[in-house]
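Listed below, chain by chain, are the residues.
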Amino acid sequence: MLYYLLHEYSGIYLLGQITFRTAAASLTAFALSVLLGPWLIRRLRAFQVGQVIRSDGPATHKPKAGTPTMGGLLILAAVFIPTLLWANLSNPHIWVAVIATASFGAIGFVDDYLKITRHTHHGLFARYKFASQIVVAIGVGIALVYMSHWSQLYNTQLYFPFFKQLHPDLGWWYVAFAVLVLVATTNTVNLTDGLDGLAISTFAVSAAAFTALAYVTGHAAIANFLLIPHFEFTSELTIFCGSLVGASLGFLWWNAHPADVFMGDVGSLGLGGALGSVALLIKQELLLPIVGGVFVLEGLSVIAQVASFKLTGKRVLRMAPLHHHFELIGWPEPKVITRFLILAILFALFSLTTLKLR
């Protein structure tokens, strides 16, 4: 752990500060993404790890067939390495976030591998993929309840935006709630990954918002001022979130339209797991739908499309998820991406304003 070596043996006070280590982790993650990107893209091409395009997708996506995928491996490496270098590894919150992210990423890796070897856009059977996500989410939920019942590092209360006195304790029911949060987040991020740079750019905005939220949750004075729950040990998650931001921006360097590499499910499920686990750890679970408003819209668009077709035989959108609908009504891909990014920024800014509206 670079933090331990530098801070304990050099006596440099600055190196122990959360803000400095978060900035260092972000820059390290960005540098790793940018510098390792060309090497990974070459390796993926050498192994013929190319994207299989869904046959019923927009016609403009046909030229993307064969673009290297599974670039999420680069994202996860660029998140984990800076976190292990700059975070305090004796902090259990860090390990919950890292293990959850890696576990969901592993599910995505298997899904991507099956798509590539079978030369189809279908990977894991939906029931197996969903069941795997539930198993990982249950593990995370049990770990959180354990931290609540047998230590002072956590609690199983819910804190509602806008209501400072409303925080019911779910007890062991918190496991089921954690499953709902994690499975919903991983799948909605996965659904958003359909255009060049769309998922990673909107995710970077959400990760930046959670970087700020993790910092204020771990800062006693600010947390007390804002009337939000304070947990001293969650401050280390600021470094993890900073790594997410840096890794996302670095990957966007290669994933921007026209993309040189796609993240694949290993990236989208891993990032969804990271976002959901951080929201749980810093007790901002109910703020997550606002922070990740774009992901919520994408998920709701699919639910509405499927429900409408099954009940009435008609579709409410040209195509789901939502970004494909706007493509089919004539919006160029870069315009869809930019406008969704603007929405993501607005959602993130609004989520931060709710901290004082209590």
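About the thresholds
Residues numbered from 1 in each chain as written. Predicted model: local features only at pLDDT ≥ 70, side-chain atom pairs only at ≥ 80, totals over all residues. Heavy atoms only, no water. Patch = residues over 30% accessible without salt bridge, like charges linked within 9 Å, V, L, I, M, F, W, Y side chains within 5 Å. Areas by Shrake-Rupley, 256 points an atom, 1.4 Å probe, with all protein chains shown as cover. Salt bridge = Lys/Arg side-chain N within 4 Å of Asp/Glu carboxyl O. Helix = DSSP H or I, 4+ residues; strand = E, 2+ residues; numbered from the N terminus. Expected span 1.5 Å × (residues − 1). Buried < 20%, exposed > 50% of the residue type's maximum accessible area, 1.4 Å probe, protein only. Lys, Arg positive; Asp, Glu negative; His and termini not counted. Contact = heavy atoms within 4.5 Å. Axes fitted to C-alpha atoms, helices over the stretch in contact; angles between N-to-C directions. Parallel < 35°, antiparallel > 145°, perpendicular 65-115°, else oblique. Nonpolar A, V, L, I, M, F, W, Y, C, P; charged D, E, K, R; others polar. pLDDT = per-residue confidence, 0-100. Phe/Tyr/Trp six-rings, centres within 6.5 Å; stacked < 30°, edge-to-face > 60°. Lys NZ or Arg CZ within 6 Å of the ring centre and 35° of its normal.

What follows deals with a nonpolar patch on the surface. Together, L297, I342, L343, I345, L346, L349 and L352 make up a nonpolar patch on the protein surface, roughly 560 Å² of accessible area in all. In terms of residue count, the dominant contributor to the nonpolar patch is helix α14 (residues 333-353) (six residues).

Once that is clear, we can look at helix α7 (residues 198-218). Residues that lie three or four places apart on an α-helix share one face, since the helix turns once every 3.6 residues. Given a rise of 1.5 Å per residue, 21 residues ought to cover 30 Å, and the 30 Å separating the end C-alpha atoms of α7 matches this to within 8%. Extensive coverage of α7 is indicated by the burial of 18 of its 21 residues.

Of note, D112 is situated in helix α4 (residues 92-118). Buried charge without a salt bridge: D112, with K115 as the nearest opposite-charge side chain at an N-O distance of 4.4 Å. Look past the residues within four positions of D112 in its chain and what remains in contact with it is M70, M263, G264, D265 and V266.

Another point: the packing of helix α12 (residues 293-312) against α14. The N-to-C vectors of α12 and α14 enclose an angle of 120°; their axes lie 8 Å apart at closest approach. Classified by the angle their axes make, α12 and α14 are oblique. Facing G293, V294, L297 and E298 of α12, the residues of α14 in contact are F340, L343, A344 and F347. Its residues assigned to classes, the contact of α12 with α14 shows six nonpolar, one polar and one charged.

Below, the discussion takes up the confidence of the model for the protein chain. When the pLDDT values of the protein chain are averaged, the result is 88; 89% of them are 70 or greater. Here helix α1 (residues 2-10) is the element of the protein chain with the lowest mean pLDDT, 59, and helix α9 (residues 237-255) is the one with the highest, 97.

The next thing to look at is unusual backbone geometry. Residues H257 and P258 are joined by a peptide bond in cis, for which omega reads -5°. Looking at the secondary structure, you find P258 in the loop between α9 and α10 (264-281). Note the cis peptide between A320 and P321, where omega equals 0°. In this fold, P321 is placed in the loop between α12 and α13 (322-328). Phi is positive for M70, close to 65°, though the residue is something other than glycine. Within the secondary structure layout, M70 lies in the loop between α2 (18-46) and α3 (72-86). The phi dihedral of K283 falls on the positive side, at around 65°, and the residue is not glycine. Mapped onto the secondary structure, K283 falls in the loop between α10 and α11 (288-291).

Taken as a whole and judged by the stated rule, the model has seven aromatic pairs. Ring centres of Y154 and Y174 lie 5.9 Å apart, and the angle between their planes is 70°; on these two criteria the pair is classed as edge-to-face. In this pair, Y154 sits in the loop between α5 (126-149) and α6 (174-192) while Y174 sits in helix α6, placing the two residues 20 residues apart along the sequence. Comparing Y154 with Y174 shows no difference in burial state: the two are buried. With 6.0 Å between their ring centres and 80° between their planes, F326 and F340 make a pair best called edge-to-face. Of the two residues, F326 sits in helix α13 while F340 sits in helix α14, which places them 14 residues apart along the sequence. Clustering of aromatic rings is evident, with ring pairs tying together Y154, Y174, F177 and F231. The ring of Y128 carries R127 above its face, with NZ or CZ at 5.0 Å from the centroid.

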